[in-house]
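Overview (structure and organization)
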Amino acid sequence: MLNSDLDIRLEPRIKELYQLHKERSANIDWSYHEFIPWDKAMSFKRVPWDESQVTLPEGVIIAVETALLTEVNLPWYTSHLDYTFKNSMEVINDFVRTWTAEEDQHSNLLETYLLVTRNVNPVRLHELRKRVVESGWFPDFTNPLATMAYTTLQELATLVFYNNVAKVAGLYDKDLATLLRRVAKDEALHYAFYRDTVKAHLELDPNFIVYFEKVIINFSMPGAVMPDFNERMKTIAIDTNYGPLQYFDQVLDVVVKYWDIANLQPTSEDAKQSQANILKYHGRLKRITDRQLEKNKR
């Protein structure tokens, strides 16, 4: 009988993945103070903020601010992971602590950059940050395998988001592009761990697909709790090249192919149905994406 916890038979493999993560992380270790253009800093008491000080296009600012307001919810994400994996194998709890330590710098980096470069009203940013953290984040799933699937998609989506925004931001501020790509490297390592843990389970028993179906089909970013999230994402899609088309092409399609969902051979009827539902959803989004790309060409 399958259960939704991580399979203890995979503990040696997961330990290998964690050790690989630690080695890769050590090779790219960084501190956020290295990426801030401190020479641009001024006291807000001595020189009050004014909109004329803004140097970036609105779309880029919204993208960076949205990323910040997502990253500041780290305490809630860690709380969810800690609750989800509290009875799981020790290596998973070790990874969650490592993940938290590595993610902890991201909001500091993004917020400090926006303040130092005066590309955001500091009072407004403070109010937004407080409002988002107070709102919390409460996903509608708590089982370990569903959480593994969710974090796989979330980390890859964040990785793609940062790299896509960096391409546009680099036209206006090379420091910003550099720091966004720096954060993306962290997300790449986190994505690899979650992705390969899920892959190992599907290779062990394809019937585990039943725990991934709802997460894949109903996926939404944790930042959706922030004010005006949908309007923000519309702007980001247009101005910084991350929207539904990029989500399908660079996130969902990548994961579905990596996990080889189309070629799984589950034996239980529930698992077969879950596989069929995921592939049907993937196919529908592909048709929508293809039509939109063709429309864009015309």
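Residues numbered from 1 in each chain as written. Predicted model: local features only at pLDDT ≥ 70, side-chain atom pairs only at ≥ 80, totals over all residues. Heavy atoms only, no water.

Under the annotation held in an unreviewed UniProt entry, the chain carries the name Acyl-[acyl-carrier-protein] desaturase and is attributed to Planomicrobium soli. Recorded under Sequence similarities (unreviewed entry), the UniProt text for the chain is reproduced unchanged: "Belongs to the fatty acid desaturase type 2 family." Here the chain is described in UniProt, under the heading Cofactor (unreviewed entry), as follows: "Fe(2+)". (UniProt positions renumbered as here; feature names shortened; annotations may be inferred.)

Turning next to the pattern of salt bridges. Proximity of charged atoms lets side chains of opposite charge pair with each other. This model, assessed by the stated rule, comprises 13 salt bridges. Put simply, Glu65 and Arg232 hold a salt bridge, and the shortest N to O gap is 2.7 Å. Pair noted here: Glu65 is in helix H2 (residues 58-71) and Arg232 is in helix H9 (residues 229-239), with a separation of 167 residues, a long-range link. The same class applies to Glu65 and to Arg232, which are both buried. For Arg195, the salt bridge is made with Asp196, and the minimal N-O distance between the two is 2.9 Å. Looking at Asp196, the relative accessible area reads 13%, which means it is buried. Where salt bridges share partners, they join Glu65, Arg124 and Arg232 into one cluster. (Salt bridge = Lys/Arg side-chain N within 4 Å of Asp/Glu carboxyl O. Helix = DSSP H or I, 4+ residues; strand = E, 2+ residues; numbered from the N terminus. Buried < 20%, exposed > 50% of the residue type's maximum accessible area, 1.4 Å probe, protein only.)

Our focus in this paragraph is the side chain of Asp7. Residue position: Asp7 is located in the segment before helix H1 (11-27). Here the side chain of Asp7 touches Arg9 through a polar contact of 2.8 Å, side chain to side chain. (Polar contact = N/O pair within 3.5 Å; in protein donor to acceptor, adjacent residues only side chain to side chain.)

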